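Report on the structure
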Amino acid sequence: MPTLTVTTGDRAGEQVELSSDRFTIGRAADSDLALDATSVSTAHCALVQRHDRWSVQDLDSTNGTLLNGTNVREARLRSGDRISIGGIELLYEDAGAADVTAILPAFETRRSRRSRTIALNVAIALATLGAAAWFVWRLVGGG
């Protein structure tokens, strides 16, 4: 089960499990993770699960939501990602998904190379067939 660990601030070291498919973070008392800091918006961001993948979504917060130092509106999470909310840093960890997400970029690259190779081979085959058809047409007296 994925976890979120507070790594900075007054609650550093506190760890929570993401047990539902939507986990809210903000200054409001009814947030799943309520952070008492003026730099955190009332409804700052949410972690949302869709199809066994978690994403972070900024909820139009005043100071924004950073994922690994980059301001995001919505982004997919990977184990080891750091979420910064109003100067408070959170660590997202998902031991079950860590191995899968590590190989995805390599797989996607191989897949796109394979698609380009197939397209190139099809283009070469069509050019060869066209040249052969032209040659046969010339042999039978077509021009």
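Here we summarise the structure given alongside this text. Predicted model only: the values in this text are computed from it and were never measured. Numbering of residues starts from 1 in each chain and follows the order in which that chain's sequence is written. Reporting in this predicted model follows two pLDDT cut-offs: at least 70 for local features of residues, and 80 or more for side-chain atom pairs to be given and counted; totals over whole chains, interfaces and linings ignore these cut-offs and use all residues. Only hydrogens and water are removed before side-chain values are computed, so all heavy atoms of the structure are retained for them.

1. Things to note about the sheet that holds strand S6 (residues 53-58)
- A pair of strands is considered paired only if DSSP assigns at least 2 bridges between the two. Only DSSP runs of H or I covering at least 4 residues are called helices, and only runs of E covering at least 2 are called strands; the numbering of each starts at the N terminus. Reading across the sheet, the five strands line up as S4-S3-S5-S6-S9 and stay open at both edges, with mixed pairing between neighbours. Whereas interior strands pair on both sides, the edge strands pair on one side only; in this sheet they are strand S4 (33-34) and strand S9 (74-76).

2. Some thoughts on the pattern of salt bridges
- Put simply, a salt bridge is a Lys or Arg side-chain nitrogen that is within 4 Å of an Asp or Glu carboxyl oxygen. This structure, assessed with the given rule, holds five salt bridges.
- Linking Glu89 and Arg82 is a salt bridge whose minimum nitrogen-to-oxygen distance equals 3.1 Å.
- Remark: exposure states derive from per-residue accessible area (1.4 Å probe, protein chains only) relative to the maximum for the residue type, with buried under 20%, exposed over 50%, and partly exposed in between. With a relative accessible area of 24%, Glu89 lands in the partly exposed category.
- Residues joined in a network through salt bridges with shared partners are Asp58, Asp60 and Arg73.

3. Some remarks on unusual backbone geometry
- The phi dihedral of His51 is positive, around 55°, even though this residue is not glycine.
- Secondary-structure assignment places His51 in the loop between strand S5 (45-50) and S6.
- Phi angles above zero are rare outside glycine, and Asp60 is one such case at about 55°.
- Structurally, Asp60 can be placed in the loop between S6 and strand S7 (65-67).
- Overall, Asp60 belongs to the exposed group, its relative accessible area being 62%.

4. Here we look at the side chain of Gln57
- Topologically, Gln57 is positioned in strand S6.
- Counting of polar contacts relies on pairs of N or O atoms within 3.5 Å, with two restrictions inside protein: one atom must be capable of donating a hydrogen and the other of accepting it, and residues adjacent in sequence are counted only when both atoms are side-chain atoms. Within the structure, the side chain of Gln57 is placed 3.3 Å from the side chain of Glu74, a separation counted as a polar contact.
- Residues count as neighbours in contact if any of their non-hydrogen atoms are within 4.5 Å of one another. Beyond its immediate stretch of four places on either side in the chain, Gln57 contacts Arg22, His44, Cys45, Ala46, Val48, Arg50, Arg73 and Glu74.

5. Comments concerning the sheet that holds S7
- As summarised here, the arrangement of the six strands in space is S2-S1-S11-S10-S7-S8, forming an open sheet in which the pairing is antiparallel. Looking along the sheet, the strands with just one partner apiece sit at the ends: strand S2 (15-17) and strand S8 (70-72). Neighbour-to-neighbour, the strand axes of this sheet turn through a mean angle of 30°, independent of strand direction.
- When strand S10 (residues 82-85) meets strand S11 (residues 88-93), the two strands line up antiparallel, connected through four bridges. Along S11, the bridge assignment pairs Arg82 with Leu91. Angles shown run from 0 to 180 degrees and are taken between the N-to-C directions of axes, each axis being a line fitted to C-alpha atoms and, for helices, limited to the stretch in contact.

6. A closer look at the environment of Thr3
- Structurally, the position occupied by Thr3 is in strand S1 (residues 3-6).
- Given the relative accessible area of 12%, Thr3 is considered buried.
- With 89 residues separating them in the primary sequence, Thr3 and Tyr92 have C-alpha atoms 6.0 Å apart.
- Filtering out sequence-adjacent residues up to four positions away, Thr3 remains in contact with Gln15, Val16, Glu17, Leu91, Tyr92 and Glu93.

Spatial relationships are all this shows, so hold off on functional conclusions.
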